[in-house]
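Chain by chain, the residues:
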Amino acid sequence: MSFNIGFFTVAMLAGVVSSMGQPAPHGASPHAPRPGTAPHGHGMPQTTGATATSTTTPAAGAALVVVAGAGTAGFVDGTGAEARFNKPIRLAPFGPDAVVVADIFNHALRVVTMQGEVRTLTGAPDQKGHSDGPAAGAWFNSPHGVGTSADGRIAVAEAGNHTLRLLTPEKRVAGGYTVTTLAGVPSEKGLRNGPAAQALFNSPHAALWAADGALVAPDIGNAVLRRVSHGEVTTLAGDGTEKFVYPMDIAWARDGRLLVADAGANLLRTVDEKGVVGTVTTSAPLKTPHGVAVGPDGTVYVADMGTHRVLAIDAAGTVTTVAGVEGEAGSDDRHLNKPAAVLVHAGWLWIADLDNHRIVAVAVK
């Protein structure tokens, strides 16, 4: 059964997480070098993880499948270890057995199949800037977030230009998509709501579609969530009593709430239909949670960048390690190096392994 709760319509299913009303401290710039909260920096402190049994589908500490990339930064289309990325940071479904990847320093969107085939959808290292039009010639500046809609459109949270971009399928144009600016003023940052073309953002980092066609984006420089609908931009959450610090990524929980990976507060937050912010209670602390996803069984997955792990959180809040080794960065089939994003798609838990410049996966049922 479905119900309308204002800013989205969702299937009414069992809840995933419990929440409590503790506010997070409100930080300053998301790129300031604060200990434990500089997600793309170095020297993050380690934390002790949970060892309790979880209901997560993958086996704890399961071996990673390296889908594409080989630990070296670059820009190469190809298969498996031949391919090169330069800081892959966010993932979204792309057809039945592939994902689209935001590749930060290549200023590009890449497509990766489960067979490891990598191709560039739009952008390139020598096309840093802002230019709309056919995808083959479009320019981007540090795309950080990507989200696909049911009708095939792709939204891009473009941190470098402080905009939200949109790729609309169009077979007759070069690259198969037309690129437009959905919201924001290129290269101008700030916090301004209203008509999309005049609205201002400050380093949007993810993009997630709602069932009613609205787009939600964490605006980390302003420490709020923004919503774009019918050409208007509003602030959805984070400007009230309870604040975010660095809201990095978002996902829909099965009960219709938004889950927010608040990397600066080291917390997993929730946002309900009224924009009320809560905090997920977990059996162990998080350290720089940078990505969040929800599996079909309701398991919540977190890319815990500060501990180089991907964690699973069950309905009771029990935390288990799914991939990576706590406090150890590495590039073999057991280790991760600053995992930035997670996505459950096509029977796999996909992981953007940021500082290994690769895409890896763990099988799920």
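Refer to the preceding data block for the structure.
Residues numbered from 1 in each chain as written. Predicted model: local features only at pLDDT ≥ 70, side-chain atom pairs only at ≥ 80, totals over all residues. Heavy atoms only, no water.

Caption draft 1: The arrangement of the packing of aromatic side chains in detail. Here the structure, examined in full by the defined rule, presents zero aromatic pairs. Its end group placed over the ring of Phe-140, Arg-165 keeps NZ or CZ at 4.5 Å from the ring centre. We note Arg-226 situated over the ring of Phe-201; from NZ or CZ to the ring centre the distance is 4.5 Å. (Phe/Tyr/Trp six-rings, centres within 6.5 Å; stacked < 30°, edge-to-face > 60°. Lys NZ or Arg CZ within 6 Å of the ring centre and 35° of its normal.)

Caption draft 2: Seen up close, the sheet that holds strand β27 (residues 319-323). The four strands are arranged β24-β25-β26-β27 in an open sheet whose pairing can be described as antiparallel. The open sheet has two free edges, formed respectively by β24 (289-294) and β27, since each of these has just one partner strand. The sheet shows a mean angle of 30° between the axes of neighbouring strands, taken without regard to direction. Bridge count between strand β26 (residues 309-313) and β27: four bridges; the pairing is antiparallel. Its bridge partner being in β27, Val-310 is matched across the sheet by Ala-323. (Pairing = 2+ DSSP bridges. Helix = DSSP H or I, 4+ residues; strand = E, 2+ residues; numbered from the N terminus. Axes fitted to C-alpha atoms, helices over the stretch in contact; angles between N-to-C directions.)

Caption draft 3: Spatial organisation of the environment of Asp-239. Position of Asp-239 among the secondary structure elements: in the loop between β19 (232-237) and β20 (247-252). Sequence spacing of Asp-239 and Asn-222 is 17 residues, and the spatial spacing of their C-alpha atoms is 9.1 Å.

Caption draft 4: Spatial organisation of the nonpolar core. Core analysis: the biggest nonpolar cluster contains 22 residues, and Phe-94, Val-100, Leu-109, Leu-121, Ile-154, Leu-167 and Tyr-177 have the highest contact counts within it. Contributing elements (two or more residues each) for this core: β6 (88-93), β7 (98-103), β8 (108-113), β12 (154-158) and β14 (177-183). Examining the composition of this core, we find that three residues originate from one element, β7, more than from any other. Setting aside anything within four residues of it in sequence, one finds Val-100 in contact with Arg-90, Leu-91, Ala-92, Pro-93, Phe-94, Leu-109, Arg-110, Val-111, Leu-121, Val-146 and Thr-148. (Core = buried A, V, L, I, M, F, W, Y, C linked by side-chain atoms within 4.5 Å. Buried < 20%, exposed > 50% of the residue type's maximum accessible area, 1.4 Å probe, protein only. Contact = heavy atoms within 4.5 Å.)

Caption draft 5: Expanded view of the environment of Ala-261. Within the fold, Ala-261 resides in strand β21 (residues 258-262). Sequence separation of Ala-261 and Val-292 is 31 residues, and the distance between their C-alpha atoms is 6.0 Å. When near neighbours in sequence (up to four residues on either side) are disregarded, Ala-261 contacts Tyr-246, Pro-247, Met-248, Asp-249, Leu-267, Leu-268, Pro-289, His-290, Gly-291 and Val-292.

Caption draft 6: Representation of the pattern of salt bridges. Applying the stated criterion to the full structure yields 14 salt bridges. Of the charged contacts, one joins Arg-90 and Asp-249 as a salt bridge, the two residues approaching to 3.5 Å between their closest N and O atoms. In this pair, Arg-90 sits in strand β6 while Asp-249 sits in strand β20, placing the two residues 159 residues apart along the sequence. As far as the burial class goes, Arg-90 and Asp-249 line up, both buried. (Salt bridge = Lys/Arg side-chain N within 4 Å of Asp/Glu carboxyl O.)

Caption draft 7: Structural context of the sheet that holds strand β18 (residues 224-229). Within the open sheet, the five strands sit side by side as β15-β19-β18-β17-β16. Their pairing is antiparallel. Looking at strand neighbours, the two that pair on one side only are β15 (194-195) and β16 (208-209), the edges of this open sheet. Pairing analysis gives two bridges linking β15 to β19, with the strands arranged antiparallel. Note on β19: the bridge partner recorded for Gly-194 is Val-233.

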